[in-house]
Amino acid sequence: MSSITITVKFFGPLREKMGENREVTIPESGTIRAAVEGLSINPQAWYLYSVNGEHARADAQLKNGDVLTIIPPISGG
Amino acid sequence: MIQQLTGSELERFKRQLTLHGFTMEHQLRLKNSSALISGIGGVGGTTALYLAIAGIGRLTLVHSGALTSSNLNRQILMTEDYIGKPRVDCAREMLSRIASGVQVDIHDVRLTPENSDSFIQDADIAISARPNFPERCELNRACVRHGVPLIEGAMFDMDAYLLSIMPGQTPCFHCLFKDADSRWQELGFPVLGALSGTLGCMMAVEAIKVLTGYGKPLFSRMLLFNLATMDFSTISVQRDPECPVCGSLKSPEGDKT
C-alpha cells in the first residue's frame, strides 16, 4: 500500500508536548483521525482541525503534502 | 434616543475620526453601544480599557473574585492597593478616571445559566474572556439565544486565537469546540501580560468593527498567532449544521460567511 506524508502543526498545550511541527507518514487516503491516532496525543480529546488553512472534520481524507493544524480548546483570558 | 457627541468628545476623538473610512456615523454607533465583558483579566480588562477610550457608551463587567498580587503581571486596570478587593470595583474606578463618559456597570459574579440572560439582553456585543470553559460556553449559548454578536478570544502561553461570531451566520463557539479540556487549570495556565494585552487589544478592535460596521471582522475566520515566533495565520471555519446550540438558526439566503 502506498503512503503519503503530511506536516502536522501544533497549537497551544500541544506545542509544548509535541514541538512546532512533525512530518507524519500515513497510508494513502488516510484521514485526519488516522493521522492523529499515530501521534502520542489523546485521540479521545476534542480538537479543531484545519488542513491547508481550511476547517476540516476528523474523517476528512488527507493527501500528500497537506499541512494539518491541530488546535485544542484553550481558555486563557 | 440617539446620543450625539459633545464638544469635549469631538475633541477627544478627533484623531480616530481621521482614520481612513472611520466617520462620525461610526463614532456615534460606538457611543450608542453597550458591551458585556465576561472576564476582567489580562485579556478582558485590556479590551474594556480600549473600548472605553474609543468611546463606547456603556460597559457591563462580569467577573467574580478579588485581586491577588499574581494578577498584576498582566491586568492593566488593577492597582496594588486593591489586592484582596473585588476586581470589578478596581476596574470601574480606573475606567471612570480614564474615560469618565462611559457608563460602567459591574457584577462580582460568575456568568451562569441563571444570570446570563439578564446580562446579555441589553448588550449589543459580548466579549468572551473568562479563563474557564463553562462560562465561555454559557456566554456563547446566551449570545445565540439573543442574537448578540460575540468576540471570542483565548490564549495559552505564547499562543492565542481570535474570531468573531454572528449567531446564525457564522460558526458559534460550540460549532468549533464540542468539548473542553478536562485538564485545563483555570488559575494555572502560563501567561505573559504583553500577550494577553495584545489579544485584548485585538478583541477591542474586532468589537469596534462589529459594532460600527467599520473594516472587515473575523467572521468565519479564526486568527491564530504565536508571539514567541511572531507567526500569524488565519484559517476558515464553518458552521456545524448539527450544532445543538446554533444549528436551528438558519443562515441568511445567499450568506457566504
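The structure under discussion appears in the preceding block.
The numbering scheme is per chain: residues are counted from 1 as the chain's sequence reads. Note on labels: chains are lettered from A, ligands numbered from 1, in written order. With pLDDT at 70 or above as the cut-off, local features in this predicted model cover only qualifying residues; side-chain atom pairs require 80 or more to be listed or tallied, and sums for whole chains, interfaces and linings still use all residues.

Novice: Summarise the overall build of chain B; cite the residues concerned and give the values.
Specialist: When helices and strands are counted, chain B shows 8 helices and 8 strands. The atom set for the radius of gyration is the C-alpha atoms, and the globule formula is 2.2 Å times the number of residues raised to the power 0.38. Radius of gyration (C-alpha) of chain B: 18 Å, near the 18 Å computed for a compact globule of 257 residues. Projected onto its principal axes, the C-alpha coordinates of chain B cover approximately 50 × 40 × 40 Å. To sort residues by exposure, count the other C-beta atoms lying within 10 Å of each residue's C-beta; 20 or more gives buried, 12 or fewer gives exposed, and values between give partly exposed, all with C-beta atoms placed from the backbone. When the 257 residues of chain B are sorted by exposure, 47% land in the buried category. By sequence separation, contacts in chain B at least 24 residues apart represent 69% of the contacts at least 6 residues apart. Numbered from the N terminus, helices here are DSSP runs of H or I no shorter than four residues, and strands are runs of E no shorter than two. Residue pairs qualify as contacts under a 7 Å threshold applied to their C-beta atoms, which are placed from the backbone.

Novice: Any details on the interface of chain B and chain A? Residues and values, ideally.
Specialist: With 30 residues of chain B at the contact, the number on the chain A side is 19 residues. Residue assignment for the side of chain B that touches chain A shows that the elements contributing at least two residues are helix 6 (133-146), strand 5 (150-156) and strand 8 (231-236) of chain B. The classification used treats Ala, Val, Leu, Ile, Met, Phe, Trp, Tyr, Cys and Pro as nonpolar, Asp, Glu, Lys and Arg as charged, and all other residues, Gly among them, as polar. For the side of chain B that touches chain A, the residue count by class is 16 nonpolar, 7 polar and 7 charged.

Novice: I'd love a proper account of helix 8 (residues 193-212) of chain B, names of residues and values included.
Specialist: Residue and element names in this part refer to chain B. Expected helix span is taken as 1.5 Å per residue step, with the number of steps being one fewer than the number of residues. With 20 residues, helix 8 should reach 28 Å at 1.5 Å per residue; the first-to-last C-alpha distance of 28 Å fits that figure. Counting buried residues along helix 8, 14 of its 20 residues qualify, which places the element largely inside the surrounding structure. Directly beyond the C-terminal end of helix 8, a positive phi value near 85 degrees is found at Gly-213.

Novice: Would you mind going over the nonpolar core in detail, with residue names and values included?
Specialist: Judged by nonpolar contacts, the single largest core of 93 residues is most densely connected at Ala-35, Ala-48, Leu-59, Leu-61, Ala-126 and Ala-207 of chain B. Residues within four places of Ala-35 of chain B in sequence aside, it is in contact with Leu-51, Ile-56, Leu-59, Ala-123, Asp-124, Ile-125, Ile-127 and Ala-207 of chain B. A set of buried Ala, Val, Leu, Ile, Met, Phe, Trp, Tyr and Cys residues, joined through C-beta atoms within 7 Å, is what we mean by a nonpolar core.

Novice: Describe helix 6 of chain B, naming the residues involved and giving the relevant values.
Specialist: All names here are of chain B. Between its first and last C-alpha atoms helix 6 spans 20 Å; for 14 residues at 1.5 Å apiece the expected length is 20 Å, and the two agree. The buried count for helix 6 comes to 11 of 14 residues, which makes it a mostly enclosed element. Along helix 6, the residues that are buried comprise Phe-133, Glu-135, Arg-136, Cys-137, Glu-138, Leu-139, Asn-140, Arg-141, Ala-142, Cys-143 and Val-144. Packed against the buried residues of helix 6 are strand 1 (34-38), helix 5 (116-120), strand 4 (125-128), strand 5, strand 6 (159-165) and helix 7 (173-176). One or two residues past the end of helix 6 sits Gly-147, with phi positive at roughly 65 degrees.

Function-wise, these values are silent; they only describe arrangement.
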